[in-house]
Amino acid sequence: MTVSRRGFLGALGIAGAASATLPGNAQAWQSKAPPDPFGCLVDLTRCVGCRKCEQACSEVNDLPEPAVKFDDLTVLDAKRRPDQNAFTVINRYYTGRIDERDKLVPTFVKVQCMHCQDPACVSACITGALTKKENGAVHYDVNKCIGCRYCMAACPFEIPAYEYDKPILPRVRKCTFCFERISKEGGKPGCASICPVEAITFGKRSELLRLARNRIESDPARYIDHIYGEHEVGGTSWLYISNVDFKKVGFQELPTRPMPQTTETIQSALFSYLWSPLALFGVLGAVMGVTSRKHDKENGHDA
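Residues numbered from 1 in each chain as written. Predicted model: local features only at pLDDT ≥ 70, side-chain atom pairs only at ≥ 80, totals over all residues. Heavy atoms only, no water.

1. A few points about the packing of aromatic side chains
- For the structure on display, the rule yields eight aromatic pairs.
- With a centroid separation of 6.1 Å and an interplanar angle of 50°, the aromatic rings of Phe-177 and Trp-238 are classed as tilted. Of the two residues, Phe-177 is situated in the loop between strand S7 (172-173) and helix H5 (179-182) and Trp-238 in strand S9 (residues 238-241); the sequence distance between them amounts to 61 residues. In this pair, the class of Phe-177 matches that of Trp-238, namely buried.
- Put simply, the rings of Phe-38, Phe-177, Phe-202 and Trp-238 touch in pairs and so form one group of aromatic residues.
- A cation over an aromatic ring shows up here: Lys-79 above the ring of Tyr-93, its NZ or CZ 4.6 Å from the ring centre.
- A cation over an aromatic ring shows up here: Arg-149 above the ring of Tyr-162, its NZ or CZ 4.9 Å from the ring centre. (Phe/Tyr/Trp six-rings, centres within 6.5 Å; stacked < 30°, edge-to-face > 60°. Helix = DSSP H or I, 4+ residues; strand = E, 2+ residues; numbered from the N terminus. Buried < 20%, exposed > 50% of the residue type's maximum accessible area, 1.4 Å probe, protein only. Lys NZ or Arg CZ within 6 Å of the ring centre and 35° of its normal.)

Take a look at the structure:
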């Protein structure tokens, strides 16, 4: 039997919605989001896919040399994901837009940890190795990490990577939001500092939201009316504006409900009503049983 992560999280969502109907639980959940953290606004209409942000990230975080040099743009021919050696990547999409010379116009999308306001990875981390800082960064403390990788399963953006190739002291790896740099007065993330076309703007999240709305309202023909990250999963420190539908350039459609609101509501419901943790495994077992029968049916086996 196989249960996909998406299916498992979906089942948790159903269980969470069910538990939220119990009085005093959904209402009891409180967001732990910092009131006005730093953030970055990425304007997809400005990005030219130069990969300078990738290079700056690599240098700032002392990452290994990439297999393809940063000035080689052929790497954009394939979709990539951040991994343990690359905390951010640029992907190129063609959505059918054509310029005045009848050539397809690309859209470039920077991908990294979104540094959620209420991060699912932080909620899932059982040792406190991941924490949401007041400045907006989702910070990782390797000294507290036990390698359980629950953070990888919990992240709705599928960002945390793991050093499987290091048998001794492997680490979870992801964008650090240049925590040390932004903790200093005037400090910026490496990627935001290097961008030659100012596609990345660093600042307070509230100011970035105002900037994004101003750009959209002042040029509605240029932008779609959506700030990605303003509300997705309760909000993220990384925000995007675009001239094309986000679904067409690799962004997931996600609920506005913070992921920890679901998982922590389940926990609260179980223990508030003095249910045994066995009840949790019972619920999850039932979910997996249903999934198994569906899987067998799809493969022509008897249920």
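Let's pick the thread back up.
2. A closer look at the pairing of strand S3 (residues 104-111)
- Burial analysis of S3 places six of its eight residues in the buried class, which makes it a mostly covered element.
- One ladder, built from seven bridges, connects strand S2 (residues 89-98) with S3; its direction is antiparallel. Each residue of the ladder has a partner; that of Val-89, found in S3, is Val-111.
- Count of turn residues in the S2/S3 antiparallel hairpin: five residues, of which Asp-102 carries a positive phi of about 60°. (Pairing = 2+ DSSP bridges.)

3. Quick notes on the sheet that holds S9
- Spatially, three strands are ordered S8-S1-S9 in an open sheet, and the strand pairing comes out mixed. For this open sheet the edge positions go to strand S8 (200-204) and S9, each flanked by a neighbour on one side alone. Here the average twist between neighbouring strands, direction ignored, is 25°.
- Relative to S9, strand S1 (residues 38-43) runs parallel, the two being bridged by four bridges. (Axes fitted to C-alpha atoms, helices over the stretch in contact; angles between N-to-C directions.)

Bear in mind that shape data such as this cannot, by itself, settle questions of function.
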